Amino acid sequence: MVRDKLPDAKIGFFLIGFQCKEYTEHFLSTCAQILLVETLSDGVQLEQYFVNVISQPIGINPRLVEESRRQDEVRFWIDELSEKFKNRRIIFARDKLDNVHGVRQKLLAFETFLQIFPEMKENVVMIQIATSATEQLELLVSVSDIVSRIDSLYSSLSHQPLVFLRQDLTLPVYHAILSIADVVMISSLREGMCLTAHDYSFCQDGKLSPKKHGSVILSEFTGSAAVLEAHYYQKLHPTHVSINPWDNRGMAQAIKKALDLTAAEREARWHRLYELVMHQTGTHWSQVLQRTLDIVYQEHHQRASVAVPRLDVPNLVRQFSKSEQRFFVVDYDGTLMPHRSSSGFQPGSPRRMLEVLFGLLVDPRNIVYIMSGRTPQQMESAFSTLPELGLIAENGGYIRSFGSSHGEWDAVADEQDVRAWKEQIMPILEYYRERLDDSTIEERLCSILFRYDKCQDQETAVRQASECAVQINGADKALHIRAVPVNKAVLIEMESFDKGKAAATVFKQLTAPTTRGRQSTVSPDFLMVAGDDREDEAVFRWANELGKENAVRHVFTVTVGKRNTEAQATLDRGATSLLNVLDKLAKVSVDRALPFRSFYQQPNQLPRNFTFPA
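Residue numbers here run from 1 along each chain, matching the order of that chain's written sequence. pLDDT decides what is reported in this predicted model: residues at 70 or higher carry local features, side-chain atom pairs at 80 or more are listed and counted, and totals for whole chains, interfaces and linings draw on all residues regardless. Heavy atoms throughout the structure, all of them, feed into the side-chain values; hydrogens and water do not.

Next up on the list: the nonpolar core. One finds Ile370 and Met528 to be the most contacted residues of the largest nonpolar core, which totals 92 residues. Shared between two domains, this core takes at least three residues from each, and those domains are domain 3 (313-412 + 497-512 + 520-592) and domain 4 (415-494). Note on contacts: a residue pair qualifies if any of its non-hydrogen atoms lie within 4.5 Å across the two residues. Other than its neighbours up to four places away in sequence, isoleucine 370 contacts Val330, Tyr332, Leu336, Leu357, Met379, Phe383, Leu389, Gly390, Leu391 and Ile392. If you look at the next biggest cluster of nonpolar residues, it comprises 36 residues, including Ile127, Val184, Phe202 and Leu208. In this text, buried Ala, Val, Leu, Ile, Met, Phe, Trp, Tyr and Cys residues form a nonpolar core when linked through side-chain atoms within 4.5 Å. When accessible area is computed with a 1.4 Å probe and restricted to protein chains, residues below 20% of their type maximum are described as buried, those above 50% as exposed, and intermediate ones as partly exposed. These domain limits were set by an automatic method or by a database of domain assignments.

Here you go:
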């Protein structure tokens, strides 16, 4: 119950931040699996708004740490502890005593270290500070047994290799130990950002102690390790000694390695870590969050369905009338025509839609493209009476150019790549098809649709479909595919193309110079894009950019329905309202048409009553 409600509660925010990328990816995966929503690399796409999700690691405040280090008490403790542990190599650790921070694993590793390297027991001391947030008796007993065993086997009258304190340190003592320690060891089994490593790097500048440039032993299961790996490629430019806290012997070897690093290697690692610490500070963290939140707020305000105005039809008609070259990119399903019902019934009138499109096409100044997720064959069948219409099929996978005399299709996707990823994905889809009665797999040329609209148990179907989408998205990244939840289905397609890229390709071809080097005669000064779902947002974004760059004088992006969008305007009465708008433009085209070519009659002859022929 809590697992189901948690994502719902969190996605009520505009911005969600995590300490490391791994946590961000896990949250997005959970939202996709439980809520069956579309998740992108930067957030969760809901029907009414977009939730931005970022990973931004927190850091320390160097100014406050420096002020604390200047205290006389810090210098006193540096002198006191340096004398106490004179000629000893100090390994320092400070953790909560719980099942997450790996205190038990660390002590077992130190015990193994003393067993493997007995010559080191007189030269090394580990100072383990264990603070208790909650009392965990079983863990405390286990840790106490290890501490007692180390003391009894390896301590002498002159030296105690382990100092174990179940109490926290004052800030001056903490900074004093960080200034004189040779190694800091962090063995968390699971943790976000561990700022002990940041504090240690800052205190190892050699200003207060002869010891400097100490080594960091860091668990690979911490967010800090992930951040360092992302900032520096650890294998080529290491900043720390990486450990697996479940490998006692490996950790023991890591302790020896950290102690044996040469001065030059320690200095190189310290400089890399120090650079990151000084960049990713607490101030930087708060500034990035504030800056991101400001941007996100503006985007949400612009995209909010209540903020998107209704389409100003008179202005649209006026600018259309003035323009010399018009370019239309219109979505088919849900925009020009309502979606089919689960029983297969098609509401709306295909005849009227074709009449309106024909009215636009009678004017040679109008270039019209229809885009859809359907296959090229389905698109050709739907628009067979308009052979010169430009078509974009399978969400940008195939393009038929406007005015193409032979109806050739240009494939955007490579056929071998398509076959390769289909062979790997099909077994996954077959597995879920067998588990869901009445589910179907619709294989297209460069995409696959896993449908569950006819399943009787929709709750189970949604859960299974979400698991299917998560499994596909977590498959081999080299396949470059994505599984996107759509209306009672999961669409699997390649990442290399979408409707926006297809529209950009068409526009580039229209405006490209001719083969003789002359500028193309097609230079649209009017662009209208209409769509209704998430996949059309890429086209809206592309068209809006053309308007901002003044590449097209008049740009109109219109969404059909009420939802958050990047479109400039909305029509909230579905496909009928869009057809009414296009019909007005078609009548303007007919009234002011240049001598034109008709697809159904001889040149310079208007169609009877300006209607679509029977």
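The discussion continues.
For the rest of this paragraph, the subject is empty space enclosed by the protein. A 1.4 Å probe that fits but cannot get out identifies a cavity on a 1 Å grid over protein atoms alone, an open set with protein on both sides within 12 Å along at least five of seven lines counts as a pocket, and a residue lines either if it has an atom within 4 Å of a point. Grid points are joined across faces, edges and corners, and a volume is the space filled by probe spheres set on the points. All told, the structure shown has three cavities of 30 Å³ or more when counted by the stated rule. Quantified by volume, the largest cavity comes out at close to 90 Å³. Along its surface, the largest cavity is lined by 14 residues, and Gly214, Ser215, Val216, Thr239 and Arg269 are the ones closest to its centre. Each helix corresponds to a stretch of at least 4 residues labelled H or I by DSSP, and each strand to a stretch of at least 2 residues labelled E; elements are numbered beginning at the N terminus. Listed by contribution, the elements that provide at least two residues to the lining of the largest cavity are helix H8 (196-203), strand S9 (215-219) and helix H11 (263-279). In terms of residue count, H11 provides more of the lining of the largest cavity than any other element does, four residues in total.

All right, on to the sheet that holds strand S5 (residues 89-96) then. Spatially, S7-S6-S5-S8-S9-S10 is the arrangement adopted by the six strands of the open sheet, whose pairing is parallel. Taken across any chain shown, the strands that pair with only one partner, and hence form the sheet edges, are strand S7 (162-165) and strand S10 (241-243). Recorded for the sheet is a direction-independent mean angle of 15° between the axes of neighbouring strands. As paired elements, strand S6 (residues 124-131) and S7 share four bridges and run parallel to each other. The residue bridging isoleucine 129 from the neighbouring strand is leucine 165, located in S7. By the convention used here, strands pair only if DSSP detects at least 2 bridges between them. Note on method: axes are straight lines fitted to C-alpha atoms, helices fitted across the in-contact stretch only, with angles between N-to-C directions ranging 0 to 180 degrees.

Two rings from Phe, Tyr or Trp (for Trp, the six-membered ring) form a pair when their centres sit within 6.5 Å of each other. Planes less than 30 degrees apart are called stacked, planes more than 60 degrees apart edge-to-face, and all others tilted. Across all of its chains, the model carries 16 aromatic pairs by this definition. Judged by centre distance (4.7 Å) and plane angle (25°), the rings of tryptophan 270 and tyrosine 274 are stacked. Of this pair, tryptophan 270 and tyrosine 274 both sit in helix H11, four residues apart, which is roughly one turn of that helix. With 5.4 Å between their ring centres and 80° between their planes, phenylalanine 320 and phenylalanine 526 make a pair best called edge-to-face. Of this pair, phenylalanine 320 sits in helix H13 (residues 313-322) while phenylalanine 526 sits in strand S20 (residues 526-531), placing them 206 residues apart in sequence. Both residues of the pair, phenylalanine 320 and phenylalanine 526, belong to the buried class. Site record: aromatic cluster; members linked through ring pairs are Phe320, Phe328, Phe526 and Phe556. Charge-over-ring placement is defined geometrically: NZ (Lys) or CZ (Arg) within 6 Å of the ring centre, and within 35 degrees of the ring normal. Stacked on the ring of phenylalanine 117, the Lys or Arg lysine 256 has its end atom at 5.4 Å from the ring centre.

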